Amino acid sequence: MIGGFFDRYHAEWGEAEMDWFEDLLAEDDVDVMAWGLQSQDVPGKFQGALIEKMQKLDYVDIPS
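Nothing here was measured: the structure is a model prediction, and the numbers come from that model.

A word on the overall build of the chain. When helices and strands are counted, the chain shows four helices and zero strands. Put simply, the chain runs from its N terminus to its C terminus through helices and strands in the order α-α-α-α. Taken over C-alpha atoms, the radius of gyration comes to 11 Å for the chain, in line with the 11 Å a tight globule of 64 residues would show. Expressed along its principal axes, the backbone C-alpha trace of the chain runs to roughly 35 × 25 × 20 Å.

Time to look at the pattern of salt bridges. Inspection of the entire model under this criterion finds three salt bridges. Across the salt bridge formed by Asp-58 and Arg-8, the nearest N and O atoms sit 3.9 Å from each other. Residue Asp-58 is located in the segment after helix 4 (49-56), and its partner Arg-8 is located in helix 1 (residues 2-9); the two are separated by 50 residues in the primary sequence. Judged by relative accessible area, Arg-8 falls into the partly exposed class, the value being 44%. As a salt-bridge pair, Glu-12 and Lys-53 come within 2.5 Å of each other at their nearest N and O atoms. Here Glu-12 is found in the loop between helix 1 and helix 2 (15-25), whereas its partner Lys-53 is found in helix 4, with 41 residues between them in sequence. Lys-53 sits in the partly exposed class, given a relative accessible area of 24%.

Rules behind the numbers
- Residues numbered from 1 in each chain as written.
- Predicted model: local features only at pLDDT ≥ 70, side-chain atom pairs only at ≥ 80, totals over all residues.
- Heavy atoms only, no water.
- Helix = DSSP H or I, 4+ residues; strand = E, 2+ residues; numbered from the N terminus.
- Rg over C-alpha atoms; globule rule 2.2 N^0.38 Å.
- Salt bridge = Lys/Arg side-chain N within 4 Å of Asp/Glu carboxyl O.
- Buried < 20%, exposed > 50% of the residue type's maximum accessible area, 1.4 Å probe, protein only.

Pasting the structure below:
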């Protein structure tokens, strides 16, 4: 999930977005996935446009 999000969006990111992502990588994967799936509240430092894009899950390939 995290890798797919990076692959889909990183080309349009600047330094601030890359810093945000690096901070996100320091968090537990289980927490990041819960934030992406909206099953757990997102901490204030990660709230905003990037987590909202992550929550769309449009970068996850789900086979039929």
